[in-house]
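The chain contents come next:
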Amino acid sequence: MKRFSLYLLAALATVLCSCEHKELCYHHPHEARIRVVFDWQDAPEANPRGMCVLFYPESGGAPVRYDFAGAEGGYVTLTAGKYRVLSYNNDTEAVLFYNYNSYDTYGAYTREGNPLEPIYGNGANYAPRAAGTEDERVVICPDMMWGSNTNTVEIDGSGVCLNPDEVVMVPREDGSGELQEEYIIKLYPHELTCIYTYEVRNVNNLAYMDQMCGTISGMAGAMTFSTEALPTECVTLPFESYKYDDKTVVGTFFTFGHNADNTEPHKMAFYVVMSDGGKYVFKDSERYNVTDQVNNAPNRRRVHIIIDGLDLPTPITGDSGFTPSVDDWVDVNYDIEM
């Protein structure tokens, strides 16, 4: 009986020690609560509806993702380890993503489209392309994107953030009135996509224009977040066109930009539907080759293109004996005189 009692006491001691060990771990969790703050000093005009942050463990495995409404940030909880951090706005609609689980190769791209998509939709009919660009894929423009890719975060085994940008004292959430440390990491998003604007000046017969859109060739169709590198493949982007006044057409579109190592030209083409149903494409004139304006822009993120002159035809009415085709595009490489 005494031997049994000794065994029982030993077993109880083991259980008690085990419980004490678990209690000790409870008071020293291997994770840290961190406040993420977005500092917009590098993109003061940004207005995202939401942001996401991805923490990629350097030890491997899937990223830890947090999404925040608005542009201010919020709290995240991370277990012990070292992380590389990516962030970007999560309110995009046109952008698609690839290689999500890899920090080094995670990137964005857009789906394939049609030169006439801005006016006819994705099911548009065939449209002539600028000479030499016929083999480029046509993809739609991305949304405006902001993001960052330069931060790392390290949490030690006792749940301490080793490299916060700031440490502040805040009240404990248990209502005790005591203060505790709060770790803050600051992310500095900047523009990831480029804003291209253009104006076509001295447009003749613009009053008779019914619909209009355009394309630009030689652009990049994707981007890798960690390096902001662009692929070498050239794509053509379709974009919208608007009347600004009775002599000017303008437009704005977003793009990942162009790979500076590519030597392919940037050619614009304009597709115009006139009030009488006639369809005209303006391309291959040297005035629509905007390579120098794109490549030599003072700010590669903000490119403004100017084209001088676009001669739209005067609609044919009455008994002139000529009816413009509504089935095929008339290729205009010279000034129309009608």
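The structure this text deals with has already been given above.
Asks: Could you give me a rundown of the packing of aromatic side chains, with the residues and numbers involved?
Replies: Applying the stated criterion to the full structure yields 19 aromatic pairs. Ring geometry for Tyr 198 and Phe 270: centres 5.9 Å apart, planes at 50°, overall tilted. Of the two residues, Tyr 198 is situated in strand β13 (residues 194-204) and Phe 270 in strand β19 (residues 268-274); the sequence distance between them amounts to 72 residues. Accessibility classification places Tyr 198 together with Phe 270 in one group, the buried group. Ring centres 6.2 Å apart and planes at 70° place the aromatic pair Phe 239 and Phe 270 in the edge-to-face group. Separated by 31 residues along the polypeptide, Phe 239 in strand β16 (residues 235-240) and Phe 270 in strand β19 bring together distant segments of the chain. Phe 270 carries the same exposure label as Phe 239, and that label is buried. Clustering of aromatic rings is evident, with ring pairs tying together Tyr 196, Tyr 198, Phe 239, Phe 253, Phe 270 and Tyr 288. Looking at Arg 33, its charged tip hangs above the ring of Tyr 75, at a distance of 3.9 Å from the centre.

Asks: Account for the sheet that holds strand β21 (residues 302-311), naming residues and giving values.
Replies: Sheet architecture is open: four strands sit in the order β17-β18-β13-β21, paired in mixed fashion. Single-partner strands in this sheet number two, and they are β17 (242-245) and β21. The sheet shows a mean angle of 25° between the axes of neighbouring strands, direction not considered. For β13 and β21, the ladder comprises nine bridges, and the chain directions are parallel. Among the inter-strand pairings, Thr 197 is bridged to a residue of β21, identified as His 304.

Asks: Summarise the sheet that holds strand β10 (residues 166-171); cite the residues concerned and give the values.
Replies: Judged by pairing direction, the sheet is mixed, and its four strands sit side by side in the order β4-β1-β11-β10 without closing on themselves. Each of the sheet's edge strands pairs with one partner strand only, and the pair in question is β4 (73-79) and β10. When the angles between neighbouring strand axes are averaged without regard to direction, this sheet yields 40°. Of the pairings in the sheet, the one linking strand β1 (residues 31-38) to β4 comprises seven bridges and is antiparallel in character. When the bridges of β4 are listed, Ile 34 appears paired with Val 76.

What counts as what
- Residues numbered from 1 in each chain as written.
- Predicted model: local features only at pLDDT ≥ 70, side-chain atom pairs only at ≥ 80, totals over all residues.
- Heavy atoms only, no water.
- Phe/Tyr/Trp six-rings, centres within 6.5 Å; stacked < 30°, edge-to-face > 60°.
- Helix = DSSP H or I, 4+ residues; strand = E, 2+ residues; numbered from the N terminus.
- Buried < 20%, exposed > 50% of the residue type's maximum accessible area, 1.4 Å probe, protein only.
- Lys NZ or Arg CZ within 6 Å of the ring centre and 35° of its normal.
- Pairing = 2+ DSSP bridges.
- Axes fitted to C-alpha atoms, helices over the stretch in contact; angles between N-to-C directions.

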